[in-house]
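A structural walkthrough
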Amino acid sequence: SKVCIPYISRPSALQEARWFLGDHWGLGFPVVALALLFAAWRAYGRDPGAARSVKPEYEPPPGLIPAEAGALVEERAAPRDVVATLVDLAVRGYLQIEQVTTAFGDTDFMFKRLKPVVGDPALKPLEVFALARIFHDDWALNLRLLSEIKRDYDYSFPAIREEIYRTMVLDRLFSVSPVLVRAVWSGLGVAIMAAGTAVFFVEPQWLGPVSWPLPLGI
């Protein structure tokens, strides 16, 4: 009599690929993220094409104060943009900037208001807001040292920065605040990383076991 011995045939390359994808489907997250980023870049990130040659501009667009120009170039408002605005106000006669020596022998700079700014039609609301934060909202101060402004950073600069973004959105220089854009993309990145971590280190109970039938040949 003949004895039949059961055996398991070698899986095909297609079956091995299906098993690999079933066990490592989380590898598709980076591919999906890359595809989404590429689509967003093509829709919003590329500079518009031009049929004519580009002419360099050596001056900022008209109507921009230094704080707006700096934030527009870097897509981020920095303290030096506020200082540049103060220097611009000094050039226009609203402030006097004087180099002084402190009691400890250090070099500092004194900012002095020369004339009222509230209600001045030559000033933009953003400039008045920045001065109000630096010299305090009640305008009780008339002199401020640069070192004092630096120490008062948490009170003055965050509010000025948000006002810069809000003004630029209203003027349609930004479609939305750059802070919001960075927060959204950072949140998406964290979510993708968390999902990838869950795939490789946490048992995905909601998926159930992923298995494929083995062919038996007799």
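Because the structure is a prediction, the values reported are computed rather than measured.

The rules behind each value
Throughout this document, residue positions are counted from 1 along each chain, in the order its sequence is written. In keeping with the model being predicted, local features are shown solely for residues with a pLDDT of at least 70 and side-chain atom pairs are shown and tallied solely at 80 or more, while totals for entire chains, interfaces and linings include all residues. Note that the side-chain values use all heavy atoms of the structure and ignore hydrogens as well as water. A run of DSSP states H or I qualifies as a helix once it reaches four residues; a run of E qualifies as a strand once it reaches two. Both are numbered from the N-terminal end. By definition, residues are in contact when any of their heavy atoms lie within 4.5 Å. Values of accessible area rely on a 1.4 Å probe in the Shrake-Rupley scheme; residue burial ignores everything except the protein chains shown. When a residue's accessible area, from a 1.4 Å probe over protein chains only, is under 20% of the maximum for its type it is buried; when over 50% it is exposed; and in between it is partly exposed. For two strands to be treated as a pair, DSSP must find at least two bridges joining them. Salt bridges are counted wherever a side-chain nitrogen of Lys or Arg sits within 4 Å of a carboxyl oxygen of Asp or Glu. Every axis in this analysis is a line fitted to C-alpha atoms, fitted for helices over the stretch in contact. Angles between the N-to-C directions lie between 0 and 180 degrees. Every residue is assigned a pLDDT by the predictor, reflecting its confidence on a scale from 0 to 100. Here is the rule for angles: anything less than 35 degrees is roughly parallel, anything more than 145 is roughly antiparallel, 65 through 115 is roughly perpendicular, and the remaining ranges are oblique. Classification used: nonpolar for Ala, Val, Leu, Ile, Met, Phe, Trp, Tyr, Cys and Pro, charged for Asp, Glu, Lys and Arg, polar for all others including Gly. In these notes, a set of buried Ala, Val, Leu, Ile, Met, Phe, Trp, Tyr and Cys residues joined through side-chain atoms within 4.5 Å is what counts as a nonpolar core. Residues forming no salt bridge and having over 30% relative accessible area are the ones grouped into patches, like charges within 9 Å of each other and nonpolar side chains (Val, Leu, Ile, Met, Phe, Trp, Tyr) within 5 Å.

Scanning the protein chain from N- to C-terminus turns up eight helices and five strands. Going from N to C terminus, the protein chain has its helices and strands arranged as β-α-α-α-α-β-β-α-β-α-α-α-β. Residue pairs at least 24 apart in sequence account for 56% of intrachain contacts in the protein chain once pairs closer than 6 positions are excluded. Looking at the protein chain as shown, the accessible area adds up to about 15,900 Å², and 63% of this sits on carbon and sulfur atoms.

So, about the environment of Leu141. Note that Leu141 resides in the loop between helix 5 (125-134) and strand 4 (143-145). When its relative accessible area of 29% is taken as the criterion, Leu141 is described as partly exposed. The sequence separation of Leu141 and Arg113 amounts to 28 residues, and the corresponding C-alpha distance is 8.9 Å. With sequence-adjacent residues up to four places away left out, Leu141 is seen in contact with Arg113, Phe135 and His136.

All right, on to the pairing of strand 2 (residues 95-101) then. Pairing of strand 2 with strand 3 (residues 107-113), which is carried by seven bridges, proceeds in the antiparallel orientation. Along strand 3, the bridge assignment pairs Thr101 with Thr107.

A full pass over the atoms with the stated rule returns seven salt bridges. Here Arg80 and Glu74 are joined by a salt bridge, their closest N and O atoms 2.7 Å apart. Residue class for Glu74 comes out partly exposed when judged on its relative accessible area of 40%. In this structure, the salt-bridge partner of Asp88 is Arg92, at a minimum N-O distance of 3.0 Å. The network of salt bridges with shared partners includes Asp88, Arg92 and Glu127.

Our focus in this paragraph is the sheet that holds strand 3. Taken in spatial order, the three strands of this open sheet run 2-3-4, and their pairing is antiparallel. Here the strands that pair on one side only, and so sit at the sheet edges, are strand 2 and strand 4. Geometrically, the sheet is characterised by an average inter-axis angle of 25° between neighbouring strands, direction not taken into account.

With that settled, the discussion passes to the confidence of the model for the protein chain. In the predicted model, the protein chain carries a mean pLDDT of 80, and the fraction of residues at 70 or more is 81%. Averaged pLDDT values over the elements of the protein chain bottom out at 46 in strand 5 (residues 216-217) and peak at 92 in strand 2. When the criterion is pLDDT under 50, residues 210-218 qualifies, and its contacts beyond four places in sequence or with other chains add up to 14 contacts.

Another point: helix 3 (residues 66-74). Turning to helix 3, its buried residues are Ala67, Glu68, Ala69, Gly70 and Ala71. Buried residues in helix 3 make contact with helix 4 (79-91), helix 5 and helix 7 (153-170). Phi turns positive, to about 55°, at Glu75, one or two residues after helix 3.

Moving on to the packing of helix 5 against helix 7. Where helix 5 contacts helix 7, the axes come no closer than 9 Å and their chain directions differ by 170°. Relative to helix 7, helix 5 is oriented roughly antiparallel. Facing helix 5, whose interface residues are Leu126, Phe129, Ala130, Arg133 and Ile134, helix 7 presents Tyr155, Ser156, Ala159, Ile160, Glu163, Ile164 and Thr167. Grouping the constituent residues of the contact of helix 5 with helix 7 by class yields eight nonpolar, two polar and two charged.

This next bit is on the nonpolar core. Buried together is how nonpolar side chains tend to be arranged in soluble globular proteins. Within the largest apolar cluster, 26 residues are counted, with the highest numbers of intra-cluster contacts made by Leu86, Leu89, Leu95, Phe111, Leu131, Ile134 and Ile164. Only helix 3, helix 4, helix 5, helix 6 (146-151) and helix 7 provide two or more residues apiece to this core.

Moving on, we come to a nonpolar patch on the surface. There is a patch of nonpolar side chains on the surface, built from Leu37, Val176, Leu180, Val181, Val184, Trp185 and Leu188 and spanning about 580 Å² of accessible area. Considering every element that reaches the nonpolar patch, the biggest residue donor is helix 8 (residues 178-201), with five residues. By secondary structure assignment, the location of Trp185 is in helix 8.

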